[in-house]
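Now for the letters of each chain:
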Amino acid sequence: MIHVGVNGYGTIGKRVADAVAAQPDMTVSGVAKTRPNYEAETAVRRGYDLYAAIDDRADAFADAGLDVAGGLEELIEASDIVVDCCPSDIGPKNRPVYEDRDTPAIFQGGEGADIADVSFNARSNFEDARDADYVRVVSCNTTALSRVIAPLEEEYGIEKVRVTLVRRSGDPSETGRGPVNDVLPDPVSIPSHHGPDVNTIFPDVDIDTLALKAPTTLMHTHSLNVTLESEPDESAILDLLADESRIFTIPETADIDGAGKLKDYALDSGRPRGDLWENCVWAESVGMEGPDLYLFQNVHQESDVIPENIDAIRAMVTDVDAAASIDRTNEALDVGLESLFDAHDDREAVPVDD
Ligand SMILES: NC(=O)C1=CN([C@@H]2O[C@H](COP(=O)(O)OP(=O)(O)OC[C@H]3O[C@@H](n4cnc5c(N)ncnc54)[C@H](O)[C@@H]3O)[C@@H](O)[C@H]2O)C=CC1
Ligand SMILES: O=C(OP(=O)(O)O)[C@H](O)COP(=O)(O)O
C-alpha cells in the first residue's frame, strides 16, 4: 500500500485525495490545510487525517473544533510520497522540506518546470518519471494538449501545432477572479506559456499557442489546428481519438453544445463534483483540409490532471508500467465516458410510430 500525503487541500488537492482513496494500491496518509475552513471540515468528514500545514496555526484548528494529527513534518513522516497541491509558487519553498525528509513529491502545473526533474503526462512520457524524486504534473491545458498530440504524433507525425485557448477566468469557487464582462487576450503577445509547456513533454513538436480569458468558470475551450505529415481522413482521426481512454469524443446525438451541458452530463452520470477527467472533443468539429486537422475541445480544469497525478505516483514509487497504471487508475475512477455511448449502440432501436 502506498501512503500518499496531500499538502494543500483546495481545488486540486481534494480531488487528488479522493482519487488516491479510490485506488486499490494507495491510501491517504493525511491532508495538510493552512486554515480550518469548510474544506478542512469536509476533509475530516471524509475520514482523512488533518494536518496543520503551518505549525503556528494548529491552535486555529483546535479553536474551530477540528482535531489535527500534527504539522507538515508529521504528515511527511507518515507518507511514502507527497502530492503538493499548494497554490503556484509555494512549491519552491516546500521542496527543501520534502528533500530534508528524503520524501519524493509531485508538484502541480502552476509551478515552473524547474521545480522538478521531470514534467509529466501519463500518455506521453510515463517512463521519464520512473524512480524520479520530484515530478511536476503539467497544467490542465498542457495535459489536454498532450493527450491529443501523443496519438497524432505516433500515428501520422506532426509538422506544426497551432492552438487558441479560451481560458475560464477562474474556478467556480474563486469568487474574486475575473474578467466578469470582457474577453481578454492573456497574454496579449504570443506565445502564451502553454506552447513552451507542451515542449517540456514533447521537446521536438513545433507549437504556437495564443490564449484569451473569458468570463466563464466551467471549462477551458481549445481551437486546434494540427498540420500532419500525412493526410488521413476524418473518420481515421475520429477512430484514433475515440481509442484514447482519456479523450471523450462527443457524439452528435448527445446534443451537447458547450460546457454547461457537458457539466450537466457529468453530474447526471454521477460523476463526483461533476468532474470530467477526459478531454471533451466535439466529433462534429473534427475536420481535415489536406494535411491540416481542425478540432474543438473542452477541458475541465479542476479535474483532468487528477488521473495524471495518480499515474505519476505509480511511475515514481512502483514498477507498474504505463498501460497497467493508466488502466488501474481509469478503472478505479471510472474514467471513460465513451463507453457509456458504446453501450447504447448495442441496444436495439425502439420503433417509433409516425
Ligand atoms: N484549479 C485549476 O484549474 C488547476 C490548478 N492547477 C495547479 O494546481 C495547483 C493548486 O491549484 P488549486 O488547487 O486551484 O489552488 P487552490 O487555491 O484551490 O488550493 C490550494 C490550497 O492550498 C492551501 N495553501 C496555501 N498555502 C499553503 C501552504 N503553504 N501549505 C499548504 N497549503 C497551502 C490553500 O489554502 C488552498 O486550500 C497550482 O499549481 C495550480 O496552478 C493545475 C491544474 C488546474
Ligand atoms: O493550470 C491551469 O491553467 P494553465 O494551463 O492555463 O496554466 C489552471 O486552469 C489554473 O489556471 P489559473 O492560473 O488561471 O488559475
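Nothing here was measured: the structure is a model prediction, and the numbers come from that model.

Parameters at a glance
- Residues numbered from 1 in each chain as written.
- Chains lettered and ligands numbered in written order.
- Predicted model: local features only at pLDDT ≥ 70, side-chain atom pairs only at ≥ 80, totals over all residues.
- Heavy atoms only, no water.
- Helix = DSSP H or I, 4+ residues; strand = E, 2+ residues; numbered from the N terminus.
- Buried < 20%, exposed > 50% of the residue type's maximum accessible area, 1.4 Å probe, protein only.
- Contact = heavy atoms within 4.5 Å.
- Areas by Shrake-Rupley, 256 points an atom, 1.4 Å probe, with all protein chains shown as cover.
- Lys, Arg positive; Asp, Glu negative; His and termini not counted.
- Charge placed at Lys NZ, Arg CZ, Asp CG, Glu CD.
- Right-handed = clockwise from strand over helix to strand, strands pointing away.
- Pairing = 2+ DSSP bridges.
- Near = heavy atom within 4 Å.
- Polar contact = N/O pair within 3.5 Å; in protein donor to acceptor, adjacent residues only side chain to side chain.
- 1 Å grid on protein atoms, 1.4 Å probe; cavity = no way out; pocket = protein on both sides within 12 Å on 5 of 7 lines; lining within 4 Å.
- Sits in = over half its atoms within 2 Å of the grid points.
- Nonpolar A, V, L, I, M, F, W, Y, C, P; charged D, E, K, R; others polar.
- Domains from an automatic or database assignment.
- Buried area = accessible area lost by both parts, 1.4 Å probe.
- Salt bridge = Lys/Arg side-chain N within 4 Å of Asp/Glu carboxyl O.

Engineer: Looking at this model, I keep getting lost on the overall build of the protein. Mind explaining?
Structural biologist: Across its full length, the protein carries 13 helices and 16 strands. In the protein, which comprises 354 residues, the proportion classed as buried is 54%. Long-range pairs, those at least 24 residues apart, make up 72% of the contacts in the protein with a sequence separation of at least 6. Working note: accessible area of the protein is about 15800 Å², and carbon and sulfur atoms make up 47% of it. Within the protein, the 71 negative side-chain charges are centred at a point lying 7 Å from the centre of the 28 positive side-chain charges.

Engineer: Would you explain unusual backbone geometry in this entry?
Structural biologist: Negative phi values dominate among residues other than glycine, just as trans dominates among peptide bonds. The omega torsion across Asp186 and Pro187 is 5 degrees, close enough to zero to call that bond cis. With respect to the helices and strands, Pro187 occurs in the loop between strand 10 (184-185) and helix 8 (194-198). Note that the residue after Ile190, namely Pro191, is joined by a cis bond; omega there is 0 degrees. With respect to the helices and strands, Pro191 occurs in the loop between strand 10 and helix 8. Within the chain, Asp89 stands out as a residue other than glycine whose phi angle is a positive 80 degrees.

Engineer: For this particular structure, what's the right way to read the pairing of strand 1 (residues 2-7)?
Structural biologist: Along a regular strand, successive side chains alternate from one face of the sheet to the other. The buried fraction of strand 1 is high, at five of six residues. For the crossover that starts at strand 1, traverses helix 1 (residues 11-22) and ends in the parallel strand 2 (residues 26-33), the hand is right-handed. Where strand 1 and strand 5 (residues 81-84) come together, four bridges link them in parallel fashion. Bridge assignment links Val6 to a residue of strand 5, and that residue is Val83.

Engineer: What is the right way to read the environment of Ser169 from this model?
Structural biologist: Tracing the chain through its elements places Ser169 in the loop between strand 9 (158-168) and strand 10. Note: C-alpha distance between Ser169 and Val180 (eleven residues apart in sequence) is 8.1 Å. Apart from the residues within four sequence positions on either side, Ser169 is in contact with Arg177, Gly178, Pro179, Lys213, Ala214, Pro215 and Thr216.

Engineer: What is the right way to look at the site of ligand 1 in this model?
Structural biologist: What surrounds ligand 1 is a group of 20 residues, the closest being Thr11, Ile12, Gly110, Asp171 and Gln301. A distance of 2.9 Å is found between an oxygen atom of ligand 1 and a backbone nitrogen or oxygen belonging to Ile12. A distance of 2.6 Å separates a nitrogen atom of ligand 1 from a polar side-chain atom of Asp171. In isolation ligand 1 has 820 Å² of accessible area, and contact with the protein removes 83% of it. Judged by the proximity of its atoms to the pocket grid, ligand 1 belongs to the largest pocket. Among the residues making up the shell around ligand 1, the classes are represented as eight nonpolar, nine polar and three charged. Each of domain 1 (2-138 + 305-333) and domain 2 (140-304) accounts for three or more of the residues forming the shell around ligand 1.

Engineer: Could you clarify how one ought to interpret the site of ligand 2 in this entry?
Structural biologist: Taken together, Ser139, Cys140, Asn141, Arg167, Arg168, Arg177, His193, His194, His220 and Gln301 form the complete shell of residues around ligand 2. Interatomic distance of 2.9 Å between a side-chain N/O atom of Asn141 and an oxygen atom of ligand 2. A distance of 3.0 Å is found between an oxygen atom of ligand 2 and a side-chain nitrogen or oxygen belonging to His220. Contact with the protein chains removes 76% of the 390 Å² of surface that ligand 2 exposes when unbound. Of all the cavities here, the one that holds ligand 2 is the largest pocket. At the level of secondary structure, the elements contributing two or more residues to the shell around ligand 2 comprise helix 7 (140-156) and strand 9. Looking at side-chain class alone, the shell around ligand 2 contains one nonpolar, six polar and three charged residues.

Engineer: I tried to follow the domain arrangement of the protein on my own but got confused; where do I start?
Structural biologist: Put simply, an interface is often sized by how much accessible area is lost when its parts join up. In terms of domains, the protein is made up of domain 1 (2-138 + 305-333) and domain 2 (140-304). Here domain 1 and domain 2 have C-alpha centroids that lie 26 Å from each other. Taken together, the contacts link 26 residues of domain 1 with 24 residues of domain 2. Of the roughly 2000 Å² buried between domain 1 and domain 2 on both sides combined, carbon and sulfur atoms contribute 44%. Summed over the three residues of domain 1 that lose the most area to domain 2, namely Arg15, Arg123 and Val138, the buried surface amounts to 32% of that side. The interface formed by domain 1 and domain 2 contains nine salt bridges. One salt bridge connects Glu244 with Arg123, and the closest N-O pair in it is separated by 2.8 Å. The tally of links from domain 1 across to domain 2 stands at 15 residue pairs in polar contact (both at pLDDT 80 or more). Among the elements of the structure, helix 1, strand 7 (118-120), helix 6 (122-125), helix 11 (306-317) and helix 12 (322-333) are those that each provide at least two residues to the side of domain 1 that touches domain 2. Broken down by element, the side of domain 1 that touches domain 2 gets its largest block of residues, five residues, from helix 1. Tallied by class, the residues present in the side of domain 1 that touches domain 2 amount to eleven nonpolar, seven polar and eight charged.

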